[in-house]
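Coordinate analysis (summary)
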Amino acid sequence: MDRLRRAAWLLIVVVDAGFVLWGAMAALAPEHLLGPGGIPILQAGYEGSSGGAWSDLPLSARGFMEALFRVYGAYNVAFGLLGTAIAATAFRRGERWAWWALLAGNAITLGGAMAYDWTANAIGPFELSEYLGAGMVCTALVVSLPVFTGTRTAVTGRSKPSGQDVGQVAGS
């Protein structure tokens with residue numbers, strides 16, 4: 001495995017493992033996730049998007065928002081585990097489908113998180129890490145393009161040197 005592909009899969013594993021950690025925190029203890037100004041992210045999100053005070057929101061509405069946020073955290077754990085597994089296996093081997101899966105999955109997951117932040121006007125330290133993660137994933141995917149790695153993925157999913165045809169059988 002060349003140095004670029006090794007660096008690429010490691011970058012993606014770091015970002016997707018971060019989804020697991022953040023998502024677990026959001027699912028298990030959202031009140032401890034801090035947003036802008038050091039206040040809990042749910043409060044910061046509500047106050048940033050509505051202009052109202054979190055304390056004025058009925059307890060039932062706060063409970064519902066917390067339940068939704070916990071589910072969102074579980075979604076991040078699920079994606080992070082899947083993305084990490086794909087990066088550490090199929091992407092590491094150079095399988096084309098894994099490149100596309102990581103592009104789509106990370107774009108949707110990071111894009112969704114960023115869209116929430118913009119909508120809620122709640123951008124704090126955790127939210128800035130989304131931009132760093134997006135940059136890391138984009139860099140990893142660009143440097144792992146076959147143009148840079150000198151490999152193409154065969155129909156069978158195995159990596160072949162760029163001098164062989166995609167449909168050519170090894171040894172012929």
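Structural notes, computed from the coordinates. Note that this is a predicted model, so its numbers are computed, not measured.

Cut-offs and rules
Residues numbered from 1 in each chain as written. Predicted model: local features only at pLDDT ≥ 70, side-chain atom pairs only at ≥ 80, totals over all residues. Heavy atoms only, no water. Helix = DSSP H or I, 4+ residues; strand = E, 2+ residues; numbered from the N terminus. Contact = heavy atoms within 4.5 Å. Areas by Shrake-Rupley, 256 points an atom, 1.4 Å probe, with all protein chains shown as cover. Patch = residues over 30% accessible without salt bridge, like charges linked within 9 Å, V, L, I, M, F, W, Y side chains within 5 Å. Salt bridge = Lys/Arg side-chain N within 4 Å of Asp/Glu carboxyl O. Buried < 20%, exposed > 50% of the residue type's maximum accessible area, 1.4 Å probe, protein only. 1 Å grid on protein atoms, 1.4 Å probe; cavity = no way out; pocket = protein on both sides within 12 Å on 5 of 7 lines; lining within 4 Å. Points joined across faces, edges and corners; volume = space filled by probe spheres on them. Nonpolar A, V, L, I, M, F, W, Y, C, P; charged D, E, K, R; others polar. Axes fitted to C-alpha atoms, helices over the stretch in contact; angles between N-to-C directions. Parallel < 35°, antiparallel > 145°, perpendicular 65-115°, else oblique. Left-handed = near helix turned anticlockwise from the far one by under 90°.

1. Describing the overall build of the chain
Summing up its helical and strand segments, the chain has six helices and two strands in all. Secondary structure elements in the chain, listed N-terminal to C-terminal, are α-α-α-α-α-α-β-β. Looking at the chain alone, contacts between residues at least 24 apart form 62% of all its contacts between residues at least 6 apart. Summing over all exposed atoms, the chain offers an accessible surface of approximately 9400 Å²; the carbon and sulfur share of this is 70%.

2. Points about a nonpolar patch on the surface
Nonpolar side chains collect at one region of the surface, where Trp 118, Ile 123, Leu 128 and Tyr 131 lie side by side and expose about 410 Å² of accessible area between them. Its location among the elements puts Tyr 131 in helix H5 (residues 125-143). For Tyr 131, a relative accessible area of 33% translates into the label partly exposed.

3. Some points on the layout of surface pockets
In this structure, the largest pocket occupies an estimated 360 Å³ of space. The wall of the largest pocket is formed by 20 residues, among which Phe 19, Trp 22, Phe 126, Ser 129 and Glu 130 lie closest to the centre. Broken down by secondary-structure element, the contributors of at least two residues to the lining of the largest pocket are helix H1 (3-28), helix H3 (59-93), helix H4 (96-120) and H5. Taken together, the residues of the lining of the largest pocket sort by class into 13 nonpolar, four polar and three charged.

4. So, the pattern of salt bridges
What the rule picks out here adds up to three salt bridges. In this structure, the salt-bridge partner of Glu 31 is Arg 70, at a minimum N-O distance of 3.9 Å. With a gap of 39 residues between them, Glu 31 in the loop between H1 and helix H2 (41-50) and Arg 70 in helix H3 connect regions that are remote in the sequence. A residue is classified by how much of its surface remains accessible, and Arg 70, at 27% relative accessible area, is partly exposed. Note that Glu 95 and Arg 93 form a salt bridge whose closest N and O atoms lie 2.8 Å from each other. By relative accessible area, Glu 95 is classed as buried at 15%. Residue classification places Arg 93 among the partly exposed positions, given a relative accessible area of 48%. Connected through shared salt-bridge partners, Glu 31, Glu 66 and Arg 70 make up one network.

5. Details of the packing of H4 against H5
Close contact between H4 and H5 brings their axes to 10 Å; oriented N to C, the two are set at 160°. When the interaxial angle is binned, H4 and H5 end up roughly antiparallel. Once H4 is placed against H5, the crossing between them reads as left-handed. Each of Trp 99, Leu 102, Leu 103, Asn 106, Leu 110, Ala 113, Met 114, Asp 117 and Trp 118 in H4 lies in contact with H5, whose residues at this interface are Glu 127, Glu 130, Tyr 131, Gly 133, Ala 134, Val 137 and Leu 141. When its residues are assigned to classes, the contact of H4 with H5 shows 11 nonpolar, two polar and three charged.

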